[in-house]
Amino acid sequence: RQKIAHAGGADESVSDEQLLQRVRSELGRERLFASGRVEPSMEGGVLVLRGEVEDGGDVERAERLARSVPGVRQVANLLHPRGTPEPERRGRFAA
């Protein structure tokens with residue numbers, strides 16, 4: 001569970017599944033990511049982004065959107081532009 005601090009000072013406890021759903025919703029608002037090519041998952045409390053996107057700008061944009069979701073504290077971005085190999089998966093993020 002992650003804690004989210006709100007402006008009023010109250011904390012909200014959010015499960016990884018709830019956080020993941022919020023990230024999927026945020027990414028889905030962007031037409032570029034609505035196709036399902038970006039696959040977010042939670043691994044050990046870390047948001048992991050996997051998949052293929054059009055270009056390097058989309059890699060960065062997806063990470064920015066994911067980080068904008070309240071409660072996301074750490075992102076492992078394994079996205080890659082079309083036609084390039086997947087980034088090396090290390091440690092606990094290995095498939």
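Look up: the structure comes first, before these words.
Since this is a predicted model, take the numbers as computed values, not measurements. (Residues numbered from 1 in each chain as written. Predicted model: local features only at pLDDT ≥ 70, side-chain atom pairs only at ≥ 80, totals over all residues. Heavy atoms only, no water.)

Trainee: Is there a simple way to think about the overall build of the protein chain in this case?
Mentor: Of the regular secondary structure elements, the protein chain holds 2 helices and 5 strands. Helices and strands appear in the protein chain in the N-to-C order β-β-α-β-β-α-β. Within the protein chain, the proportion of its 95 residues that are buried is 37%. Sequence-distant contacts in the protein chain: of pairs separated by 6 or more residues, those separated by 24 or more amount to 49%. Of the accessible surface of the protein chain, which amounts to about 5,700 Å², a share of 46% is contributed by carbon and sulfur atoms. (Helix = DSSP H or I, 4+ residues; strand = E, 2+ residues; numbered from the N terminus. Buried < 20%, exposed > 50% of the residue type's maximum accessible area, 1.4 Å probe, protein only. Contact = heavy atoms within 4.5 Å. Areas by Shrake-Rupley, 256 points an atom, 1.4 Å probe, with all protein chains shown as cover.)

Trainee: Is there a simple way to think about the nonpolar core in this case?
Mentor: In a soluble, globular protein the nonpolar side chains are often hidden away together inside. V23, L27, F33, V38, L47, L49 and V72 are the most contacted members of the largest nonpolar core, which has 19 residues in total. Those elements that place two or more of their residues in this core are α1 (16-29), β3 (38-43), β4 (46-53), α2 (56-67) and β5 (75-81). Excluding residues that lie within four positions of it along the chain, F33 makes contacts with L27, V38, V53, D58, R61, A62 and L65. (Core = buried A, V, L, I, M, F, W, Y, C linked by side-chain atoms within 4.5 Å.)

Trainee: Please clarify how the sheet that holds β4 should be interpreted in this entry.
Mentor: Whether parallel or antiparallel, the strands of a sheet pair through hydrogen bonds between backbone atoms. Here 3 strands make up an open sheet; going across it, the order is β3-β4-β5 and the pairing mixed. Lying at the two open borders of the sheet, with one neighbouring strand each, are β3 and β5. Ignoring which end each strand starts from, the neighbouring axes of this sheet average 10 degrees apart. With 6 bridges joining them, β3 and β4 adopt antiparallel strand pairing. The residue of β4 that forms the bridge with E43 is V46. (Pairing = 2+ DSSP bridges. Axes fitted to C-alpha atoms, helices over the stretch in contact; angles between N-to-C directions.)

Trainee: When you look at the pairing of β3 in this model, what are you seeing that I'm missing?
Mentor: When a strand is regular, its side chains alternate between the sheet's two faces. Counting buried positions along β3 gives 5 out of 6 residues, so the element sits mostly inside the fold. A loop of 2 residues connects β3 with β4, the two strands running antiparallel in sequence, and G44 in this loop sits at a positive phi of about 60 degrees.

Trainee: Before we go on, may I ask you to explain the environment of R64 in this structure?
Mentor: In this structure, R64 sits in helix α2. When the C-alpha atoms of R64 and V75 are compared, they prove to be 9.6 Å apart, with 11 residues separating the residues in sequence.

Trainee: Looking at this structure, I do not really get the environment of E43. What am I missing?
Mentor: Considering the arrangement of structural elements, one finds E43 in strand β3. On a C-alpha basis, the gap between E43 and A76 in space is 9.5 Å, while along the polypeptide they are 33 residues apart. A distance of 2.8 Å separates a polar atom in the side chain of E43 from a polar atom in the side chain of R50. (Polar contact = N/O pair within 3.5 Å; in protein donor to acceptor, adjacent residues only side chain to side chain.)

Trainee: Which parts of the structure should I look at to understand α2?
Mentor: Structural remark: α-helix, 3.6 residues per turn; residues separated by three or four positions point the same way. For α2, which comprises 12 residues, the first-to-last C-alpha distance of 17 Å matches the rise-based estimate of 16 Å (1.5 Å per residue) to within 8%. Those residues of α2 not exposed but buried are D58, V59, A62, L65 and A66. Looking straight down α2, one finds its buried side chains confined to an arc of 135 degrees; they lie on one side. Facing away from the buried surface of α2 by more than 90 degrees, the exposed residues are E60 and R64. For α2, the elements touching its buried residues are α1, β4 and β5. (Expected span 1.5 Å × (residues − 1). Arc of directions from axis to C-beta.)

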